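So the chains spell out like this:
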Amino acid sequence: MNPKITNWNGQRVWVIGASSGIGAETARSLLRKGAKVALSARNENALQQVAGESTEAIVMPLDITDVSIVLQARDELLKCWGGIDLVLVVAGSYQKMRADEFNLKVAKQMVDININGVLNCLDAVLPTLLEQGRGGIGIVSSIAGLSGLPQALIYGSTKAALINLCESLYLDLHPRGIGVYLINPGFVSTPLTAKNDFTMPALISVEQAVREIMRGIERGEFHIHFPKRFTNWLRLLRLLPYRVYFFLIHKVTGL
Ligand SMILES: NC(=O)c1ccc[n+]([C@@H]2O[C@H](COP(=O)([O-])OP(=O)(O)OC[C@H]3O[C@@H](n4cnc5c(N)ncnc54)[C@H](OP(=O)(O)O)[C@@H]3O)[C@@H](O)[C@H]2O)c1
């Protein structure tokens, strides 16, 4: 559905959210495969550690909620590279929430990072991608965005917005020669999920997750979701009538 990437050597990839977890491991994997990688997130020390000794890594600290800093980073990157082949927006925030513990401040923080932050990144990179008429953008949403789940009152809604956003982006950008990758992980062992106090079904390592992401992009897939033994169940549940869906989710989660 997207152009395939058969050789990462020299590909210019901007990973936003590269200081930890899935983004950090993706950046490491890209560097190992010979790509030039710009690493962004707020924690500059952590970004430096991910970059290590690589001469192909550029560390560009930023907060995605501040559009002026994101635009500035884009300008610096274009000065260095002259173009961008792939942007991966991995940055995200998760706070467990249920209706009886609704917290507006925390809810708005999640919306600001998970939705507005992604829009800031789009504002920065879309003109470049459109002008180039090539390249791609991948956005990390979550399989939790497919349908409502307990504990994910706001997180799930922000990720649902990203799924819809990627679908529309694909319709607009595919005919213009630009790749769009919707990345929907299930549970991955990272600092983000370390705070979960429940048993996470089909939990996978961050290395496994990144192998799936890299393979999906290399094959040119639009919907990159994993692990399939978990994500396919949720995709199936989503097709059921609500009465059955809610019954099964209550029964399985006990919530
Ligand atoms: N782990 C899972 O099971 C799972 C499942 C589905 C989806 N996801 C999604 O995968 C993505 C990565 O999550 P992860 O599990 O790897 O979590 P993580 O280890 O907590 O990493 C989150 C990344 O986002 C960055 N970030 C957060 N707020 C930011 C901001 N305002 N500006 C710039 N960067 C920011 C963090 O860097 P700084 O703190 O340095 O800014 C960090 O690099 C998220 O979008 C998450 O929703 C994760």
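Residues numbered from 1 in each chain as written. Predicted model: local features only at pLDDT ≥ 70, side-chain atom pairs only at ≥ 80, totals over all residues. Heavy atoms only, no water.

S.K.: Lay out the packing of aromatic side chains with the relevant residues and their values.
M.R.: Under the definition given, this model contains six aromatic pairs. A centroid spacing of 4.9 Å and a plane angle of 75 degrees characterise the contact between Tyr94 and Tyr155, whose relative ring orientation is edge-to-face. Within this pair, whereas Tyr94 is found in the loop between strand 4 (86-89) and helix 4 (104-132), its partner Tyr155 is found in helix 5 (residues 155-173), the two being separated by 61 residues in sequence. Relative to Phe230, the ring of Phe187 lies with its centre 5.7 Å away and its plane at 35 degrees, an arrangement referred to as tilted. A residue pair is termed long-range when its members are at least 10 positions apart, and Phe187 in the loop between strand 6 (179-185) and helix 6 (191-194) and Phe230 in helix 8 (residues 228-237) qualify at 43 residues. Just as Phe187 is buried, Phe230 falls in that class too. Every member of this aromatic cluster is reached through a ring pair, and the members are Phe187, Phe198 and Phe230. (Phe/Tyr/Trp six-rings, centres within 6.5 Å; stacked < 30°, edge-to-face > 60°. Helix = DSSP H or I, 4+ residues; strand = E, 2+ residues; numbered from the N terminus. Buried < 20%, exposed > 50% of the residue type's maximum accessible area, 1.4 Å probe, protein only.)

S.K.: Give a detailed account of the site of the ligand, specifying residues and quantitative values.
M.R.: The local shell around the ligand holds 29 residues, among which Ser20, Arg42, Tyr155, Val188 and Thr190 are the closest. Ile22 places a main-chain nitrogen or oxygen 2.7 Å from an oxygen atom of the ligand. Between the ligand and Asp63, the relevant distance is 2.9 Å, taken from a nitrogen atom to a side-chain nitrogen or oxygen of the residue. Notes on the ligand: free accessible area 880 Å², of which the protein chains cover 92%. Secondary structure elements with two or more residues in the shell around the ligand: helix 1 (21-32), helix 5 and helix 6. With three residues, helix 6 is the single largest residue contributor to the shell around the ligand. Class assignment for the residues of the shell around the ligand results in 15 nonpolar, 11 polar and three charged. (Near = heavy atom within 4 Å. Polar contact = N/O pair within 3.5 Å; in protein donor to acceptor, adjacent residues only side chain to side chain. Areas by Shrake-Rupley, 256 points an atom, 1.4 Å probe, with all protein chains shown as cover. Nonpolar A, V, L, I, M, F, W, Y, C, P; charged D, E, K, R; others polar.)

S.K.: Got a sec to walk through unusual backbone geometry? Specific residues and values, please.
M.R.: Geometrically, the link from Phe226 to Pro227 is a cis peptide bond, its omega value of -10 degrees lying close to zero. Checked against the element boundaries, Pro227 lands in the loop between strand 7 (223-226) and helix 8. Non-glycine residue Gln151 carries a positive phi angle of around 75 degrees. Checked against the element boundaries, Gln151 lands in the loop between strand 5 (136-140) and helix 5. When its relative accessible area of 13% is taken as the criterion, Gln151 is described as buried. Positive phi is not limited to glycine here, since Ala202 has a value of about 55 degrees. Within the secondary structure layout, Ala202 lies in the loop between helix 6 and helix 7 (206-219).

S.K.: Please give an account of the nonpolar core that cites residues and values.
M.R.: Counting residues in hydrophobic clusters, the biggest one holds 42 residues, and the most contacted among them are Trp14, Val87, Ile137, Ile139 and Val180. Of all the elements, helix 4 adds the most residues to this core, at seven residues. Counting residues in hydrophobic clusters, the runner-up holds 34 residues, among them Val13, Leu47, Leu86 and Ile183. (Core = buried A, V, L, I, M, F, W, Y, C linked by side-chain atoms within 4.5 Å.)

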